[in-house]
Amino acid sequence: MKFYTVLSLLSFSITLFSQNPSIYADEINADDLKEKLYTYASDEFQGRETGTEGQKIAIEYLRQQYQALGVGAAKSNGDYFQNVPLKVIKTPKVSIAVGENTYSYYNDFVAVASGETALIEAKEYVFAGYGIKSTLYNDYEDLDVTGKIVIAIGGEPQDDNGNYIVSGTKDISKWSNGRQALSSKRNLARDLGAKAFFLIDNAMFKRYSTYYKAVEKRGGESNLALDVDSNSFYGFLGSDEMGTSLIKDKNGIYKQNISIQFENVSTPIRSENVVAMISGQEIPEEYIILSAHLDHVGMHDGEVFNGADDDGSGTVAILEIAEAFQKAVENGDGPKRSVVFLHVTGEEKGLLGSQYYTDYNPIVALDNTVANLNIDMIGRTDPKRNTGKRNYIYLIGSDKLSTELHELSEEVNKQYTNVELDYTYNDENDPNRFYYRSDHYNFAKNNIPIIFYFNGTHADYHKATDTPDKIEYDLLENRTRLVFHTAWELANRKERVVVDKATE
């Protein structure tokens, strides 16, 4: 171990001992967690689906809990709710012509990003190869796609040895990892200024087309999206047949008449994040954010999907952590930095509440946000995990942006909680995509160090059987205390953790 690390850990231990965080961690107990969760994951909350009556019941419950604790709102006007503008999107009406060829919805393409109703016509388009931009490979290096239509193909390039160029190994990267590949390529084209984007990937198109068609047949089950973009962007997933009209054998600008008639079918709705905060005593302008999603998937065929583990467990954990910090404040031992308790909506709809918070309306400055500790499902055990202690937690992302955060997390656990830290899913290229599937990701993409706490999936995941009687409350207590101790150290240490692995 380096001399610097030894000194830092020694200082770390002395600081924590002098502030007695264990006194406040004892405020977190299984009985209180159980009481809260039996309420929050009850049928009364109707499955907490985003934008529904059940979600409104949930946010009111959270507001009342913070008011009872004496923890104030993060917004300066005293309002605990952050309005999140959303729109309910039904299947759009779209027709596309490429040269002399016309293509139809479901048979040749589906929409994967919806702008406003418009007629888009162009006499040229940009072919961007695989549609990838990374450190080791960049299809956009000599291309200007501002205001243009961009075409890309599925997959990613390999070298002569069969290694993927982006990862440098036999393992695929996010650029060919299912839904993550689609969103990564689509969002990249959008962020580079493209007007519209086509991904030609026949296998993925068939899956999406079949699913979307079945959804529409059942009555057009709605998707949700943020209702914030002022510049419309249009995305499509196309078949090989459509690709024959578009794909060329090299990158560049190509002359081809393209006409897209797009009719948006959407209705605006509103949902809310809940944001409370304890202000720091010495460095109030720096923030530690604890997050969990307040929503679940609602009701289906008369059954309530209670979402006790997903993510009732994370929600009540944050409430207990807030109570512990507030007890410290009442004892004159409040945190040096501010601690924000962020309950986000729309996670089940695509991380929408956290995306709105980070990308459009952060209540506290992102550049002064020291770290995000995100809790999503910490009340159960993973039946696929056949080795190791029962008292474990999966940690994801702790070392992705800050070596210091990872070491801090390890040391806190050794000193206080002794939970087995399992890094099985701590891999951006993990086929389960857990690194991308919860709200920490919207902080990580902004180079804010994160830790994602997660117990793994189980047979009751996204089913009506995810009920509070199946939660293992002793584990929930231990894991919640681990998050508290980590937040305590982040909030009270002399210097903020350093970002030494910033992404592009």
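Residues numbered from 1 in each chain as written. Predicted model: local features only at pLDDT ≥ 70, side-chain atom pairs only at ≥ 80, totals over all residues. Heavy atoms only, no water.

Draft legend 1. Main features of the confidence of the model for the protein. Residues of the protein with pLDDT of at least 70 account for 94%, and the chain-wide mean is 92. Counting interchain partners and residues more than four positions distant, the pLDDT-below-50 stretch residues 1-18 has 18 contacts. (pLDDT = per-residue confidence, 0-100. Contact = heavy atoms within 4.5 Å.)

Draft legend 2. Structural view of the nonpolar core. Formed by 63 residues in total, the largest nonpolar core has its most connected members in Tyr66, Leu290, Ile321, Phe325, Phe341, Tyr453 and Phe484. The dominant element in this core, judged by the number of residues it contributes, is helix H8 (residues 308-330), at 10 residues. Within the second largest apolar cluster, 49 residues are counted, among which are Tyr125, Phe127, Leu188 and Phe233. (Core = buried A, V, L, I, M, F, W, Y, C linked by side-chain atoms within 4.5 Å. Buried < 20%, exposed > 50% of the residue type's maximum accessible area, 1.4 Å probe, protein only. Helix = DSSP H or I, 4+ residues; strand = E, 2+ residues; numbered from the N terminus.)

Draft legend 3. Just the packing of aromatic side chains, in detail. All told, the structure shown has 30 aromatic pairs when counted by the stated rule. Summarising the aromatic geometry, the rings of Tyr208 and Tyr212 are spaced 5.7 Å apart at their centres and angled 85° between planes, so their arrangement reads as edge-to-face. Here Tyr208 pairs with Tyr212, and both are found in helix H6 (residues 202-217), just four residues apart, close to one helical turn. Seen in terms of ring centroids, Phe325 and Trp488 are 5.7 Å apart; in terms of plane orientation they differ by 25°. Their pairing is stacked. Placement of Phe325 in helix H8 and of Trp488 in helix H12 (residues 473-492) is noted, with a sequence separation of 163 residues between them. A connected cluster of aromatic rings, assembled from ring pairs, spans Tyr105, Tyr106, Phe109, Phe198, Tyr234, Phe236 and Phe262. Positioned above the aromatic ring of Trp175, the side-chain terminus of Lys174 is 5.1 Å from the ring centre. Just above the ring of Tyr392 sits the side chain of Arg385; from NZ or CZ to the centre is 4.0 Å. (Phe/Tyr/Trp six-rings, centres within 6.5 Å; stacked < 30°, edge-to-face > 60°. Lys NZ or Arg CZ within 6 Å of the ring centre and 35° of its normal.)

Draft legend 4. The arrangement of the pattern of salt bridges in detail. Considering all chains together, one arrives at 24 salt bridges under this definition. Across the pair Arg337 and Glu286 runs a salt bridge whose closest N-O atoms are separated by 2.7 Å. Residue Arg337 is located in strand S16 (residues 337-344), and its partner Glu286 is located in strand S13 (residues 283-293); the two are separated by 51 residues in the primary sequence. Judged by relative accessible area, which is 15%, Glu286 ranks as buried. Residue Glu472 pairs with Arg390 through a salt bridge whose shortest N-O separation is 3.1 Å. Placement of the pair is Glu472 in the loop between strand S20 (450-454) and H12 and Arg390 in the loop between strand S17 (369-375) and strand S18 (392-396), with a sequence separation of 82 residues. The partly exposed category is assigned to Arg390, whose relative accessible area is 44%. One connected set of salt bridges, linked through shared partners, spans Asp26, Glu477 and Arg481. (Salt bridge = Lys/Arg side-chain N within 4 Å of Asp/Glu carboxyl O.)

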